[in-house]
Amino acid sequence: MPEFAGVLVGFGRALRAEGLAVGTGDVLTYCRAAARLDPADLVDVYWAGRVTLVRRREDIARYDTVFRAYFLDAGDDHPELPALTATWESDAVLSLAESATSAEEQETPDAAGLAASTVDSLRHKAFGACTPEELAAIRRMTVRLRLTPPRRRTRRTRPARTGPIPDLRRTVRETLRLFGEPARLHRRRRRVRPRPLTLILDVSGSMADYSRALLQFAYSAGRAATHVEVFCFGTRLSRITDELRTRDVDEALDRAAKVVFDWDGGTRIGASLAEFVATWGRRGRCRGGIVVVCSDGLDRGDPEVLARAAERLSRLCHRLVWTNPHPGGDSLGMSVVRPHVDVLVSGQDLRGLEELAALLPALERS
């Protein structure tokens, strides 16, 4: 952010040169607002400036013109700025109308940092086939995933306007307060609590093209819910829940990578799941919860150990979800765990991760 502050200050000077009443305090407020958002996202930069630097309605047109000239180098060819929407682009740049964007502007988007691929193509492109630039775009898109944690209904109840359970105590109290006059029948409904969510990620060599994207998904899940545990395994199990509890996603992933010593190494899925069941599952960590295993099933260990660990894990948790970047593959590991898996999801692209995020709330009562 310090290196980007000079850009924001320069934008404030450009607005002042065009006659807008922009003071030093306004620019400082603008920098603070941009720091809380994504400074690489021009949509956030635009709205942060419009909220903090524009005081009069009639100054919006001049603000839009200066913004285009300063950030997009578009000049005065466009009389008004189209509506901006937060999109899935790699740097979430301005969504301009097709008629207002020339081919030359689309070919030179250096200032805006537009991705070379469209959003839809990135969502359906396998992680292993992406370039480093496209993986960076997918990383920013994955962090913005909105994940709703699964929930469960408890035995306890709460007062509600409507519900299947009559609240006799409240009904009798209101009847006594009205000196015996009939009162309306009050209702109660069962309380809802989030289910524990456990992510067990394969970071072995065969998952090298997918492990970082899965870690970013785990980071987004941890930011969305409190009852989330994250584990990684190659040849042995490592808990990285505490390392992912950092506001900066890059710092969180770096800390997690330092904890996992067997990154890009061999694969012992059965031994790792058996260790999880013995050390965490039996303690009640996954009891009544959702366990998501992200692996391709290429196990180098004994298939009997893997089958036994998957069976025990499926008995302990509410639902066992398996995410496989090669869902059509017939590996030995997948053949032995498939009878114990409740849901099998593809994890080879961003679309698969979106389907997983949409699937979790549907498992709360199933």
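Residue positions are counted from 1 within each chain, in the order its sequence is given. Totals for whole chains, interfaces and linings use every residue, but because this is a predicted model, local features are given only for residues with pLDDT of at least 70 and side-chain atom pairs only at 80 or more, for both listing and counting. The side-chain values count all of the structure's non-hydrogen atoms but skip hydrogen atoms and water molecules.

A. Main features of the packing of aromatic side chains. What counts as a ring pair is set by centres within 6.5 Å for rings of Phe, Tyr and Trp (its six-membered ring), and what kind of pair is set by the plane angle: stacked under 30 degrees, edge-to-face over 60, tilted for all other angles. For the coordinates displayed, the defined rule picks out 10 aromatic pairs. Judged by centre distance (5.1 Å) and plane angle (75°), the ring pair of Phe231 and Phe276 falls under edge-to-face. Here Phe231 is found in strand β5 (residues 228-233), whereas its partner Phe276 is found in helix α11 (residues 269-279), with 45 residues between them in sequence. As far as the burial class goes, Phe231 and Phe276 line up, both buried. Members of the aromatic cluster, joined through ring pairs, are Phe11, Tyr30, Tyr46, Trp47, Tyr63, Phe67 and Tyr70. Strands are runs of DSSP state E lasting at least 2 residues, helices are runs of H or I lasting at least 4, and numbering of each runs from the N terminus. Accessible area is worked out with a 1.4 Å probe on protein chains only. A residue is then buried under 20% of its type maximum, exposed over 50%, and partly exposed in between.

B. Looking closely at the sheet that holds strand β8 (residues 319-324). Taken together, six strands build an open sheet; the order of strands is β6-β5-β4-β7-β8-β9 and the sheet is mixed. The open sheet is flanked by β6 (237-239) and β9 (343-346), the only strands paired with a single partner. When strand polarity is set aside, the average angle formed by the axes of neighbouring strands in this sheet is 20°. Bridge count between β8 and β9: four bridges; the pairing is parallel. Bridging across to β9, Trp322 finds its partner in Leu344. Contact between two residues is taken to exist if any of their heavy atoms lie within 4.5 Å; hydrogens are not considered. To get an axis, fit a line to the C-alpha atoms, keeping to the stretch in contact for a helix; angles then go from 0 to 180 degrees between the N-to-C directions. Across the sheet, helix α9 (residues 208-224) lies against β4 (197-202), β5 and β7 (290-294), angled at about 165° from β4, the strand it touches most. Strand contacts of helix α14 (residues 350-362): β4, β7, β8 and β9, with the helix running at about 150° to β9, the strand carrying the most contacts. Two strands are said to pair when DSSP picks up at least two bridges between them.

C. Representation of the nonpolar core within the structure. Grouped together as the largest cluster of nonpolar side chains are 38 residues, with contacts concentrated most on Leu201 and Val292. Of all the elements, α9 adds the most residues to this core, at eight residues. Those residues in contact with Val292, other than ones at most four positions away along the chain, are Leu197, Thr198, Leu199, Ile200, Val321, Thr323, Leu356 and Leu360. Throughout, nonpolar core names a set of buried Ala, Val, Leu, Ile, Met, Phe, Trp, Tyr and Cys residues whose side chains join them through atoms within 4.5 Å. The next biggest cluster of nonpolar side chains, apart from the first, holds 24 residues, and it includes Phe276, Val277, Leu320 and Trp322.

D. How the structure looks around α11. For α11, the complete set of buried residues consists of Ile269, Gly270, Ser272, Leu273, Phe276 and Val277. An end-on view of α11 places all buried positions within 165° of arc, on one side of the element. Along its buried surface, α11 packs onto β4, β5, β6, β7, α12 (303-316) and β8. Directions are taken from the helix axis to each C-beta atom, and the arc is the one they span.

E. Geometry of the confidence of the model for the protein chain. Averaged over all residues, the pLDDT of the protein chain is 77; the fraction at 70 or higher stands at 82%. In the model of the protein chain, helix α5 (residues 103-107) stands out as the element of lowest mean pLDDT, 40, in contrast to α12, which has the highest, 92. The pLDDT value tells you how sure the predictor is about a given residue, anywhere from 0 up to 100. Confidence drops under pLDDT 50 across residues 74-117; counting only partners more than four residues distant or on other chains, this segment forms 70 contacts.

F. Quick look at the packing of α9 against α14. Direction vectors running N to C along α9 and α14 enclose 30°, while the axes themselves pass 11 Å from each other. In terms of orientation, α9 lies roughly parallel with respect to α14. The hand of the α9/α14 crossing is right-handed. Residue-level contacts link Ala213, Leu214 and Phe217 of α9 to Leu353, Leu356 and Ala357 of α14. Gly is put with the polar residues, along with every residue not named as nonpolar or charged; the nonpolar set is Ala, Val, Leu, Ile, Met, Phe, Trp, Tyr, Cys and Pro, and the charged set is Asp, Glu, Lys and Arg. Its residues placed into classes, the contact of α9 with α14 shows six nonpolar, no polar and no charged. Orientation labels follow simple angle bins: below 35 degrees gives roughly parallel, above 145 gives roughly antiparallel, 65 to 115 gives roughly perpendicular, and whatever is left gives oblique. Working rule for handedness: look at the near helix, and if it is turned counterclockwise from the far one by less than a right angle, call the crossing left-handed; if clockwise, right-handed.

G. Highlighting the side chain of Gln216. Here Gln216 is to be found in helix α9. With sequence-adjacent residues up to four places away left out, Gln216 is seen in contact with Arg139, Thr142 and Leu253.

H. The arrangement of a positive patch on the surface in detail. Patches draw on residues past 30% relative accessible area with no salt bridge. Two like charges within 9 Å are joined, as are two nonpolar side chains (Val, Leu, Ile, Met, Phe, Trp, Tyr) within 5 Å. With residues, only the protein chains shown are counted as cover, and all accessible areas are computed by Shrake-Rupley using a 1.4 Å probe. Here a salt bridge means any side-chain nitrogen of Lys or Arg lying within 4 Å of a carboxyl oxygen belonging to Asp or Glu. Working convention for charge: Lys and Arg count positive, Asp and Glu count negative, and His plus the chain ends are omitted. For charged residues, the charge sits on one atom: NZ in Lys, CZ in Arg, CG in Asp, CD in Glu. A cluster of like positive charges, contributed by Arg152, Arg153, Arg155, Arg156, Arg158, Arg189, Arg190, Arg191 and Arg193, occupies part of the molecular surface. Sorting the residues of the positive patch by element identifies β1 (151-160) and β3 (187-194) as the ones contributing at least two each. A per-element tally of the positive patch places β1 first, with five residues. For Arg193, the location among the structural elements is in strand β3.

I. Molecular detail of the pattern of salt bridges. Across all of its chains, the model carries 12 salt bridges by this definition. Its salt-bridge partner being Asp26, residue Arg55 comes within 2.7 Å of it at the nearest N-O pair. Within this pair, whereas Arg55 is found in the loop between α3 (42-53) and α4 (60-72), its partner Asp26 is found in helix α2 (residues 24-36), the two being separated by 29 residues in sequence. Its relative accessible area of 62% is what places Arg55 among the exposed residues.

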